[in-house]
Amino acid sequence: MDGRHLRMIEERGVTPASAAAAPQCEHVDRRVLRSRAAMVTAFESLLAEKAYEDITVTDIARKADVDRKTFYKHFGSIDGLLAYVLDSHVADIVENTLRLLACTGEGEQNGFAMRIQIFFEMVNRAIMENIALKRRVFECVPFDLMFTCIKQSMYEELERYCMIPASVRSDQLDYYLSFVFGGILSAYREWIMMGGDTPIESVSSAASALVARGLSSLEGIDALEGGRTPGVPRSADEPGA
């Protein structure tokens, strides 16, 4: 590998020395939080100026007024920083969803359709809070990378919500959720790239209905693969009855 390509790789933050992310700890110093926030702000600012693949660790460190070692300690790579930003958005959406559900006085007693509807309302709010930045993310960040960053977080939150039918096999679930999340990202990306001329609620209502019906249908798929009619319980002599 020549020196030019080696420097490009190092500038992206993908070096053996940066492979390990900073260890997690319960108590985080305020200075650490300030440095982390400064790097996130710098990254988001740089996204408005240049393509994602052109952003380097040096760019972020200089703009955030930190050294490169500090960046590596926090995020390991620029992809790691992107994952952190997207995970933070997912966490905020989920927290706001749970808070709103709690305010209704029903909490976990809300039906699946209601929970998924409120979830998408929070997604809409998160996107509209800084639509210019979200547009740049969808424009600049490769779709596959963005999808990979949020898939695991979304999967964990679905489990936390108890939105996944218990009878569904894990191998089915992985393929199905890949399809669902890919579709959701594509729908919002299409809306943003088209200028958002139609109400964002038109996107979320369609996505909400499709997700609710799709996940609930997995039990039917499981039944059909077992040679049974969906909704009909197993007989006493069937395996797993």
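As the structure is a prediction and not an experimental result, all values here were calculated from the model.

Glancing now at the side chain of Asp59. Tracing the backbone through its elements, the reader meets Asp59 in helix α3 (residues 57-64). A polar contact of 3.1 Å, which involves the side chain of Asp59, links it to the side chain of Lys50. Setting aside its immediate chain neighbours within four residues, Asp59 contacts Leu46, Lys50 and Asp54.

So, about the environment of Ala37. Along the chain, the position of Ala37 falls in helix α2 (residues 30-47). Under the relative-accessibility criterion, Ala37 is labelled partly exposed at 40%. Separated by 27 residues in the primary sequence, Ala37 and Ala64 have C-alpha atoms spaced 8.8 Å apart.

Let us look at the packing of α3 against helix α4 (residues 68-75). At their nearest, the axes of α3 and α4 sit 9 Å apart, and the two run at 110 degrees to each other. By the angle between their axes, α3 is roughly perpendicular relative to α4. Where α3 abuts α4, its residues Val57, Thr58, Ile60 and Ala61 lie against Arg68, Phe71 and Tyr72. Tallied by class, the residues present in the contact of α3 with α4 amount to 5 nonpolar, 1 polar and 1 charged.

Rules used throughout
- Residues numbered from 1 in each chain as written.
- Predicted model: local features only at pLDDT ≥ 70, side-chain atom pairs only at ≥ 80, totals over all residues.
- Heavy atoms only, no water.
- Helix = DSSP H or I, 4+ residues; strand = E, 2+ residues; numbered from the N terminus.
- Polar contact = N/O pair within 3.5 Å; in protein donor to acceptor, adjacent residues only side chain to side chain.
- Contact = heavy atoms within 4.5 Å.
- Buried < 20%, exposed > 50% of the residue type's maximum accessible area, 1.4 Å probe, protein only.
- Axes fitted to C-alpha atoms, helices over the stretch in contact; angles between N-to-C directions.
- Parallel < 35°, antiparallel > 145°, perpendicular 65-115°, else oblique.
- Nonpolar A, V, L, I, M, F, W, Y, C, P; charged D, E, K, R; others polar.

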